[in-house]
Amino acid sequence: MGRLAILCGGGSLPVALSAAHPDAMCVVFEGVAHDMPDDVHSHRFEKMGGLFEALKAGDVTRLVMAGSLGRPALNPAEFDAGMMAIAPRLLPALQGGDDAILRLIISVFEEQGFDVVGAHELLEGLTAEEGLLTGPEPSEQALQDASRAADILLALSPLDVGQGAVVAAGLALGIETLQGTDAMLRFVAETPEHLRRGKGVFLKAPKRGQDLRVDMPAIGPDTVRAAAKAGVEGIVVSAGRVVVLDRPKTLAALEESGLFLLSRVI
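Note that this is a predicted model, so its numbers are computed, not measured.

Participant: Go over the overall build of the protein with me, naming the residues and quoting the values.
Facilitator: Along the backbone of the protein there are eight helices and 13 strands. Against the 2.2 N^0.38 benchmark of 18 Å for 266 residues, the protein shows a C-alpha radius of gyration of 19 Å, consistent with a compact globule. For the C-alpha atoms alone, the extent of the protein along its principal axes is close to 55 × 35 × 25 Å. Buried residues in the protein amount to 48% of all 266 residues. Contacts in the protein between residues far apart in sequence, at least 24 positions, make up 71% of those at least 6 positions apart. If you sum the accessible surface of the protein, you get close to 12600 Å²; carbon and sulfur atoms cover 52% of it. Separation between the mean location of the 23 positive side-chain charges and that of the 35 negative ones in the protein comes to 4 Å.

Set out below in structure tokens:
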């Protein structure tokens, strides 16, 4: 098995992967905030050809994409030959949803001979196992709201919109879009009381048919604190298909907030 490369975005996941795989080649991108130590390879999105060459020179055969990368602002005048070859497919994809972009990126790396793997394949215990992980037993209304939120996300999957929703007493209070989970939860927190019929639940799940090797849904301590401010009863995630970042800190935040964390098959 060849060397692993970690394409690092922001957050704690790339750091955890690097610690578990110390021989991996860690790559960061200019303009993307990250928490990686100094021993990294820095590249620009416009120079993908250079990245391919560096990976091959480093004997890399497998790679994982981890952390938040966002949508880079690209300068076509600075594209190298490798990026120029990708651009006719990439630039139109940037006008669509995240899943479409990431599927294209996977195919591009595979065309270069790299095996793209998921972070959950490299770190044990990364995803939430089925069952009540912590907190009080969910109410019957919470379970119904979780099912309603799942129905909403599954119905929206073909539109490639988002991976999260908040439902209270059957009413949708928020649906995750390009702005992300934190923005959705802030929006829910600002919902006037007269529009709410109950606390509700926050559901996190992948889109139907999503390739879980990249952009697997994730929650962490900050997500829990944001959900608590949004006034929900608890958090429900898709079993085995949602990453729990910094699990001890996440569970501690749940205990402090009084929220439950339920993992169920969706």
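Resuming the write-up.
Participant: Now, about the sheet that holds strand E2 (residues 25–29): what can you tell me, with residues and values included?
Facilitator: Read from one edge to the other, the open sheet built from five strands follows the order E3-E2-E1-E4-E5, with strand pairing classed as parallel. The sheet is open, and its two edges are formed by strand E3 (41–43) and strand E5 (115–117), each paired on a single side. On average, adjacent strands in this sheet sit at an angle of 30 degrees to one another, irrespective of strand direction. When E2 meets E3, the two strands line up parallel, connected through three bridges. For valine 28, the partnering residue across the bridge sits in E3 and is serine 42. Against the sheet, helix H1 (residues 13–20) contacts strand E1 (3–8), E2 and strand E4 (60–66), and its axis sits at roughly 145 degrees relative to E4.

Participant: Account for the layout of surface pockets, with residues named and values stated.
Facilitator: Approximately 170 Å³ is the volume found for the second largest pocket. Split into classes, the residues belonging to the lining of the second largest pocket amount to six nonpolar, two polar and three charged.

Participant: Residue-level account of the packing of aromatic side chains, with values.
Facilitator: Within this structure, the stated rule accounts for three aromatic pairs. Relative to phenylalanine 45, the ring of phenylalanine 29 has its centre 4.5 Å away and its plane inclined at 5 degrees; by these criteria the two rings are stacked. Of the two residues, phenylalanine 29 is situated in strand E2 and phenylalanine 45 in the loop between E3 and helix H2 (48–57); the sequence distance between them amounts to 16 residues. On the basis of relative accessibility, which here comes to 5%, the residue phenylalanine 29 falls in the buried class. Summarising the aromatic geometry, the rings of phenylalanine 109 and phenylalanine 114 are spaced 6.3 Å apart at their centres and angled 65 degrees between planes, so their arrangement reads as edge-to-face. Of the two residues, phenylalanine 109 and phenylalanine 114, both sit in the buried class.

Participant: If you had to explain the pairing of strand E11 (residues 234–238) to someone new, which residues and values would you point to?
Facilitator: Along any regular strand the residues' side chains alternate between the sheet's two faces. Most of E11 is tucked away: five of the five residues are buried. Neither face of E11 is exposed, since Gly234, Val236 and Ser238 on one face and Ile235 and Val237 on the opposite face are all buried. Of the strand pairs in this sheet, strand E9 (residues 201–204) and E11 are connected by four bridges, and their pairing is parallel. When the sheet's bridge partners are listed, leucine 203 is paired in E11 with valine 236.

Participant: Give a detailed account of empty space enclosed by the protein, specifying residues and quantitative values.
Facilitator: On inspection of all chains with the given rule, the structure shows one cavity of 30 Å³ or more. Here the largest cavity is characterised by a volume of approximately 30 Å³. Among the elements that take part in the lining of the largest cavity, helix H5 (residues 140–156) stands out by supplying three residues, more than any other. Looking at the lining of the largest cavity residue by residue, the class counts come to seven nonpolar, no polar and one charged.

Participant: An account of unusual backbone geometry is requested, with residue identities and associated values reported.
Facilitator: Here aspartate 59, not a glycine, exhibits a phi torsion of approximately 60 degrees, which is positive. Mapped onto the elements, aspartate 59 comes out in the loop between H2 and E4.

Participant: Requested: an account of the sheet that holds strand E6 (residues 131–134), with residues and values cited.
Facilitator: A sheet is described by the order of its strands in space; here six strands give the open sequence E6-E13-E11-E9-E7-E8, paired in mixed fashion. At either margin of the open sheet sits one strand with a lone partner, and together these are E6 and strand E8 (171–175). Along the sheet, successive strands turn relative to each other by an average axial angle of 25 degrees, direction set aside. Together, E6, E11 and strand E13 (260–264) form the strand contacts of helix H8 (residues 247–257), whose direction differs from that of E6 by roughly 85 degrees.

Cut-offs used in this document
- Residues numbered from 1 in each chain as written.
- Predicted model: local features only at pLDDT ≥ 70, side-chain atom pairs only at ≥ 80, totals over all residues.
- Heavy atoms only, no water.
- Helix = DSSP H or I, 4+ residues; strand = E, 2+ residues; numbered from the N terminus.
- Rg over C-alpha atoms; globule rule 2.2 N^0.38 Å.
- Buried < 20%, exposed > 50% of the residue type's maximum accessible area, 1.4 Å probe, protein only.
- Contact = heavy atoms within 4.5 Å.
- Areas by Shrake-Rupley, 256 points an atom, 1.4 Å probe, with all protein chains shown as cover.
- Lys, Arg positive; Asp, Glu negative; His and termini not counted.
- Charge placed at Lys NZ, Arg CZ, Asp CG, Glu CD.
- Pairing = 2+ DSSP bridges.
- Axes fitted to C-alpha atoms, helices over the stretch in contact; angles between N-to-C directions.
- 1 Å grid on protein atoms, 1.4 Å probe; cavity = no way out; pocket = protein on both sides within 12 Å on 5 of 7 lines; lining within 4 Å.
- Points joined across faces, edges and corners; volume = space filled by probe spheres on them.
- Nonpolar A, V, L, I, M, F, W, Y, C, P; charged D, E, K, R; others polar.
- Phe/Tyr/Trp six-rings, centres within 6.5 Å; stacked < 30°, edge-to-face > 60°.

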